[in-house]
Amino acid sequence: LERTFIAIKPDGVQRGLISEIMSRFERKGFKLVAIKITVPSKDFAQKHYHDLKTRAFFDVLCDVFSSGPVIAMVWEGEGVIKYGRKLIGATDPQKSEPGTIRGDLAVVVGRNIIHGSDGPETAKDEINLWFKPEELV
Ligand code: ATP
Ligand code: MG
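Residues numbered from 1 in each chain as written. Chains lettered and ligands numbered in written order. Predicted model: local features only at pLDDT ≥ 70, side-chain atom pairs only at ≥ 80, totals over all residues. Heavy atoms only, no water.

> I'm lost on the environment of Gln94 in this one. Help?
You can see Gln94 is positioned in the loop between helix H5 (80–88) and helix H6 (101–105). Residues Gln94 and Glu20 lie 74 residues apart in sequence; the distance between their C-alpha atoms is 20 Å. (Helix = DSSP H or I, 4+ residues; strand = E, 2+ residues; numbered from the N terminus.)

> Help me understand the pairing of strand S3 (residues 70–76), please; the structure alone is not making it clear to me.
Two faces make up the sheet, and in a regular strand the side chains alternate between them. Burial analysis of S3 places seven of its seven residues in the buried class, the great majority of the element. Both faces of S3 are covered, namely the face carrying Val70, Ala72, Val74 and Glu76 and the face carrying Ile71, Met73 and Trp75. Relative to S3, strand S1 (residues 3–8) runs antiparallel, the two being bridged by six bridges. Paired with Ile6 across the two strands is Met73, which belongs to S3. As judged from the seven bridges shared by strand S2 (residues 31–38) and S3, these two strands associate in the antiparallel manner. Residue pairing in the sheet places Lys36 in a bridge with Ala72 of S3. (Buried < 20%, exposed > 50% of the residue type's maximum accessible area, 1.4 Å probe, protein only. Pairing = 2+ DSSP bridges.)

> What am I meant to see in the pattern of salt bridges here?
Opposite charge on two side chains makes pairing possible when the charged atoms of those side chains draw close. Considering all chains together, one arrives at nine salt bridges under this definition. A salt bridge links Lys36 to Glu135; its shortest N-O distance comes to 3.4 Å. Taken together, the positions of Lys36 in strand S2 and Glu135 in the segment after helix H7 (120–130) put the pair 99 residues apart, joining distant regions of the chain. Across the pair Asp92 and Lys95 runs a salt bridge, and its minimum N-O distance is 4.0 Å. By relative accessible area, Lys95 is classed as exposed at 64%. Here the salt bridges do not stand alone but share partners, grouping Arg3, Lys31 and Glu76 into one network. (Salt bridge = Lys/Arg side-chain N within 4 Å of Asp/Glu carboxyl O.)

Here is the structure:
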């Protein structure tokens, strides 16, 4: 069954949105198969976002991502990679539809509260980066 990596970023945790965000995935019918709370190092943040290393905002992005606890999760279900991105909404919360997580709960792109893998390859890579095989049920 398909799996994706989802992270509630430090701003989402700090704002008390953990259960709000998790319940949206749970109510949809996706299954939680791994979870941990951790403060990523800056080095780890750079690994997680390595695809964006040439972008002007990369350094700030990695600083923010490593600024506090993150809820790292793996969710499972048919179509979970693509539909998870749909639940999350567009990268820029100003462009996210109401009803999506970012549309309902965020305002600016640098504080968009949640991360989701953008395709099957990145889902596989990100799950392997964040979790050992035995940490998944
Ligand atoms: P994520 O990977 O976090 O799920 P995404 O896939 O929607 O987000 P990406 O293009 O992968 O978007 O960008 C990663 C993150 O970098 C975004 O979630 C956002 O926090 C930040 N970001 C993207 N574009 C900008 C920008 N123009 N200015 C500042 N931060 C940005
Ligand atoms: Mg992305």
